[in-house]
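# Fold and contact review
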Amino acid sequence: MMRLSPFAVQPADNEDGLQWPSIVHIDADIESASRMERLLLDHVGALHVAHCAERGLRLLCTVKPQLLLIRVPLAAVDTAVLLQRIQRLQPELSVLVLTTAEAPDVVAVTTTLERVWLLQEPIQTERLLATIAQCLQCCEQIDHLRLFPRLFMNSPLAMAITDSQRNFIRVNPAFTQITGYTQAEVLGRNPRILSSGKHDGEFYRRMWQILEENDHWCGEIWNRHKDGQLFLEWLNITTLRNADGSISHYVSIFADITQRTAAEAKMRHLAQHDCLTDLPNRSLLHDRLHQALLQAQRSHGLVALVYIDIDHFKNINDCFGHVVGDGLIVNVANALRSVIRETDTVSRLGGDEFAVLLPDVGSLAVAEKLVGKLLNAVANTYQIDGHDFRVTASMGVSVFPYDGREPDTLIRHADSALYLAKNEGRNQYRFFDPVLETHTERYTTIQHNMHKALQANAFRIHFQPKYAMDSQTIVGLEALLRWQDEKLGPVSPGEFIPIAEQTGFIVELGVWLIETVCLTMAQWRASATPLVPVAVNISPLQFHRGDLQVVLSQALARHGIEPALLQVELTEGVVMNRHEPTIIALNRIKALGVAISIDDFGTGYSSLSYLSELPVDELKIDRSFIVKLAEPQHLADKRLTAVPLALIDLAANLGLKLVAEGVETDIQADFLLANGCHVIQGYWFSKPLVAEAVPDVLKRYVGKPSNDT
Ligand code: C2E
Ligand code: MG
Ligand code: MG
């Protein structure tokens, strides 16, 4: 049942519903206590009664009432002492003392205490209830009055009150903490003492004008701490006015937001920059490109966008790990930074891809000059983690307005141009050319169709003989991948192998190749074909994966092929890098009994003396040296014969087998034979053969020389 309170103090809402003021009553006289209990229960609702002082004090602690009614004197209790104890126990508690008229000592005590009221007998009901109501109301007001100074003093926000002349009359501790000035130091002074000097007169004039018009201003303002440091505050100023409209005070409330703003700026920076290099990221580049195009449209200027890719970065990352890879990225970023103008933007798009925005290049010739500078800046030897890396980059350029007017078009076209630069041998730049667009399309198609081709078993392996001219026998075969795509027609390994390397697909393809080569050899053997070692080309990525020897040994075991019948061809750069994991991997392969051949030898920059330390069996002289020996007069030119002759010498001295690649003519073959290189691979003897053609050829050329060349 809900009762209406007769008091001005209304019950307050709480979670349990209505809450009535709670009152504790201490009264030694049981009869008068129960009278009071009935009365208050009827009108107030919550009363706890105690008949002695000690019980009453315990009740105070548990109930925590708003009002204590106490009838004094209590037997054997000194009223003054009791009231002091109560006040110590609960300083905020209001106390209504009921006493007889003949107790002047009690009257004397109560008048000296705060929050203590007195009611003298005889007590009429109405007066009692009215006094209780007054007590409760009064204590609420006192609470309110006390609240505001507490709020002012304890607020974490700085508060300052100035008079109508804008001179400080009151500041709180938070003000002192934020500004360094105490109340005494600022009293009577103008807030100008905090001025940072960062805002001009116009700023303050505008601020006071808005305040004048709206009685309120808020915004960010730089101020100066007493120690001289600047800080940024979020400031609210409110004008207080008198009844006649004149200004009485200004109240300022502010928070120091220097750190928060710096944190926000940092977050913004992080969102727009690359963590590793601190260069603008793709999204910021996009914004800047957009801005640059707007500006160029107005000024009829040219904007160049350069897409950059570090050549063979993937190999470095795979061989030497991410720490070295990251180090290289940072070095390249710095190299690019070092040659751009202040208005240009170097951005990292991710991985080893960068883009440079040249917003105002004047002419195509200038653009070309700048791109040349970028190319030269990157091409360098970088020392990272004790290793020397000779690095180059490929770049693709698109220019507004010739190659597109929209950011996306220019980006796509710079990317196409980059693709061409990479495809045409890297370490160069290419400007966009509309016919290029088909190249990117082709790249994507190859990438996509290669996966399907492997699943559909559409890759083929051709085998090219290694022919020993002295004994006129075939001493080995090289397995070479072939792929005929339904849509694109035959795609050469020179085109799809680099794409497979870039996408990582080469690893899967390599596993299939090793497996299929072993299977094919087993089939040849089943048809009584004499076998010779078959060499498989291993991509750097597959070599560095670490499980190559497992793939090799499993394929060999599965098809019952002796390890000596398998050979791996690795390029010079992969084998000769003096990297510990490389030597370990080479030794593992060697331990299987599989021979190791260095492909395209002579094209790298490796130290030849190091070769003797490696478990290598064979060198293949790169075709580029053999091509130069096509005409009789070439043989007299020492500049052309020097390298092949030196390699022949080197192989003989180190006891390595030697194969010359790409031998097409009698002149080349004769020269090689005469100078001690007996084994050749090339169209002169045979083009790569389909697997089905191999058994017949091997039956004729293995073991015994054939008369029938
Ligand atoms: P490579 O390993 O140096 O292979 C020799 C390349 O020279 C082959 O080209 C071969 O057909 C070609 N060739 C042989 N003799 C002559 C000749 O007398 N004249 C001319 N002009 N060319 C000759 P192909 O098959 O186009 O392969 C190109 C490259 O693709 C290979 O160079 C090799 O690096 C890579 N490749 C081919 N198959 C595979 C493979 O299964 N795995 C990997 N990772 N790479 C492969
Ligand atoms: Mg090869
Ligand atoms: Mg080769």
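Look up: the structure comes first, before these words.
As a starting point, this report considers the structure included with it. Treat the numbers as computed from the prediction; the structure is a model and nothing was measured.

## Focus: the site of ligand 1
- Not every one of the 21 residues close to ligand 1 is listed here, only the nearest: R482, N537, D599, E664 and Y683.
- For ligand 1, an oxygen atom lies 2.9 Å from a polar atom in the side chain of E478.
- One of the backbone nitrogen or oxygen atoms of L481 is found 3.1 Å away from a nitrogen atom of ligand 1.
- For ligand 1, whose unbound accessible area comes to 790 Å², protein coverage reaches 81%.

## Some thoughts on the coordination of the magnesium ion (ligand 3)
- The magnesium ion (ligand 3) binds to the protein through D599 (OD), D600 (OD), E661 (OE) and E661 (OE); the donor distances cover 1.9 to 2.8 Å.
- Read in sequence order, the donor residues coordinating the magnesium ion (ligand 3) give the pattern D-D-x60-E.
- Between the two metals, the magnesium ion (ligand 3) and the magnesium ion (ligand 2), the spacing is 3.9 Å, and D599 donates to both. Of the two residues, D600 is situated in strand β25 (residues 595-601) and E661 in strand β27 (residues 657-661); the sequence distance between them amounts to 61 residues.
- Taking relative accessible area as the criterion, D600 reaches 25% and is therefore assigned partly exposed.
- In this structure E661 comes out as buried when scored by relative accessible area, which is 9%.

## Brief notes about the environment of L374
- Following the sequence through the fold, L374 ends up in helix α13 (residues 364-378).
- Note: C-alpha distance between L374 and L336 (38 residues apart in sequence) is 6.1 Å.
- Apart from the residues within four sequence positions on either side, L374 is in contact with V306, L336, V339, I340, V356 and M395.

## Side note on the coordination of the magnesium ion (ligand 2)
- Those protein atoms acting as donors to the magnesium ion (ligand 2) are E478 (OE), N537 (OD1), E569 (OE) and D599 (OD), and they sit at 2.0 to 2.2 Å.
- In the primary sequence, the donor residues of the magnesium ion (ligand 2) line up as E-x58-N-x31-E-x29-D.
- On the basis of relative accessible area, E478 is assigned to the buried category, the value being 5%.

## Examining the sheet that holds strand β3 (residues 23-26)
- One open sheet accounts for 5 strands, arranged β4-β3-β5-β6-β7; its pairing is parallel. Each edge of the sheet is formed by a strand with only one pairing partner; in this case those strands are β4 (47-50) and β7 (116-120). Pairwise comparison of adjacent strand axes, ignoring direction, gives a mean angle of 20° for this sheet.
- Bridge analysis of strand β6 (residues 94-99) against β7 gives 5 bridges, and the strand direction is parallel. The residue bridging L96 from the neighbouring strand is W117, located in β7.
- Against the sheet, helix α4 (residues 104-112) contacts β5 (67-72), β6 and β7, and its axis sits at roughly 150° relative to β7.

## Some details on the nonpolar core
- In terms of nonpolar packing, the biggest core is built from 88 residues, with F459, F463, I474, V517, W524 and L619 touching the most fellow members.
- Among the elements that line this core, the one with the most residues is helix α17 (residues 505-526), at 11 residues.
- Not counting the four nearest positions on each side in its chain, I474 is found in contact with P465, K466, Y467, V532, F685, V697, L698, Y701 and V702.
- I316, V332, V356 and I384 belong to the second-largest nonpolar core, a separate cluster that totals 36 residues.

What counts, and at which threshold
Residues numbered from 1 in each chain as written. Chains lettered and ligands numbered in written order. Predicted model: local features only at pLDDT ≥ 70, side-chain atom pairs only at ≥ 80, totals over all residues. Heavy atoms only, no water. Near = heavy atom within 4 Å. Polar contact = N/O pair within 3.5 Å; in protein donor to acceptor, adjacent residues only side chain to side chain. Areas by Shrake-Rupley, 256 points an atom, 1.4 Å probe, with all protein chains shown as cover. Donors = N, O, S within 2.8 Å, 3.2 Å for Na, K, Ca; no water. Helix = DSSP H or I, 4+ residues; strand = E, 2+ residues; numbered from the N terminus. Buried < 20%, exposed > 50% of the residue type's maximum accessible area, 1.4 Å probe, protein only. Contact = heavy atoms within 4.5 Å. Pairing = 2+ DSSP bridges. Axes fitted to C-alpha atoms, helices over the stretch in contact; angles between N-to-C directions. Core = buried A, V, L, I, M, F, W, Y, C linked by side-chain atoms within 4.5 Å.

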